[in-house]
Amino acid sequence: MRARLLTEIVAAVAGLAAAWAIGSLSAWSYPLGRRDIWLVTWVSMAVVALLGMRQVQRAITEERAKGADRDG
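Residues numbered from 1 in each chain as written. Predicted model: local features only at pLDDT ≥ 70, side-chain atom pairs only at ≥ 80, totals over all residues. Heavy atoms only, no water.

1. Considerations on the overall build of the chain
Logical step 1: Check the secondary structure of the chain and you find two helices and zero strands.
Logical step 2: By the compact-globule yardstick of 11 Å for 72 residues, the chain is too spread out, its C-alpha radius of gyration being 17 Å.
Logical step 3: In terms of overall dimensions, the chain has C-alpha extents of about 60 × 15 × 10 Å along its principal axes.
Logical step 4: Split into buried and exposed, the 72 residues of the chain put 21% on the buried side. (Helix = DSSP H or I, 4+ residues; strand = E, 2+ residues; numbered from the N terminus. Rg over C-alpha atoms; globule rule 2.2 N^0.38 Å. Buried < 20%, exposed > 50% of the residue type's maximum accessible area, 1.4 Å probe, protein only.)

2. Structural notes on the environment of Val-13
Logical step 1: Within the secondary structure, Val-13 sits in helix α1 (residues 3-29).
Logical step 2: In this structure, the C-alpha to C-alpha distance between Val-13 and Val-40, residues 27 residues apart in sequence, is 18 Å.

3. Considerations on a nonpolar patch on the surface
Logical step 1: Taken together, the side chains of Leu-39, Val-43, Val-47 and Leu-51 make up a nonpolar region of the molecular surface, amounting to roughly 360 Å² of accessible area.
Logical step 2: One can find Val-47 in helix α2 (residues 34-71). (Patch = residues over 30% accessible without salt bridge, like charges linked within 9 Å, V, L, I, M, F, W, Y side chains within 5 Å. Areas by Shrake-Rupley, 256 points an atom, 1.4 Å probe, with all protein chains shown as cover. Salt bridge = Lys/Arg side-chain N within 4 Å of Asp/Glu carboxyl O.)

4. Some remarks on α1
Logical step 1: Spanning 27 residues, α1 covers 38 Å between terminal C-alpha atoms, matching the ideal 39 Å at 1.5 Å per step.
Logical step 2: All buried positions along α1 are accounted for by Leu-5, Glu-8, Ala-12, Ala-19, Gly-23 and Ala-27. (Expected span 1.5 Å × (residues − 1).)

5. Digging into the side chain of Thr-41
Logical step 1: In this fold, Thr-41 is placed in helix α2.
Logical step 2: Here the side chain of Thr-41 touches Ile-37 through a polar contact of 2.8 Å, landing on its backbone oxygen. (Polar contact = N/O pair within 3.5 Å; in protein donor to acceptor, adjacent residues only side chain to side chain.)

6. A look at the pattern of salt bridges
Logical step 1: The final tally for this structure, using the stated rule, is three salt bridges.
Logical step 2: Between Arg-2 and Glu-63 there is a salt bridge whose closest N-O contact spans 3.3 Å. In this pair, Arg-2 sits in the segment before α1 while Glu-63 sits in helix α2, placing the two residues 61 residues apart along the sequence.
Logical step 3: On the basis of relative accessible area, Glu-63 is assigned to the buried category, the value being 16%.
Logical step 4: A salt bridge links Arg-4 to Glu-62; the shortest N-O distance between them is 2.6 Å. Here the residue Arg-4 occupies a position in helix α1, and Glu-62 occupies one in helix α2, the gap between them amounting to 58 residues.
Logical step 5: With a relative accessible area of 27%, Arg-4 lands in the partly exposed category.
Logical step 6: Among the residues examined, Glu-62 registers a relative accessible area of 36% and is labelled partly exposed.
Logical step 7: Through salt bridges with shared partners, one network takes in Arg-4, Glu-8 and Glu-62.

This is the structure we're talking about:
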């Protein structure tokens, strides 16, 4: 696995972990809004995952292009 691809995967996982941690701490600190906080957290995690997947796909495409340039 190339460095850029690994970096993008780690960044996506870190973004998901950060969103979950913020949501968890927010729900803990304000129990009355727990349901709404978790709703926003799950939506933001979905957005982070989608954006992360786009970046991973871009990195894969670039790695394949670099590999094709080396081969031929």
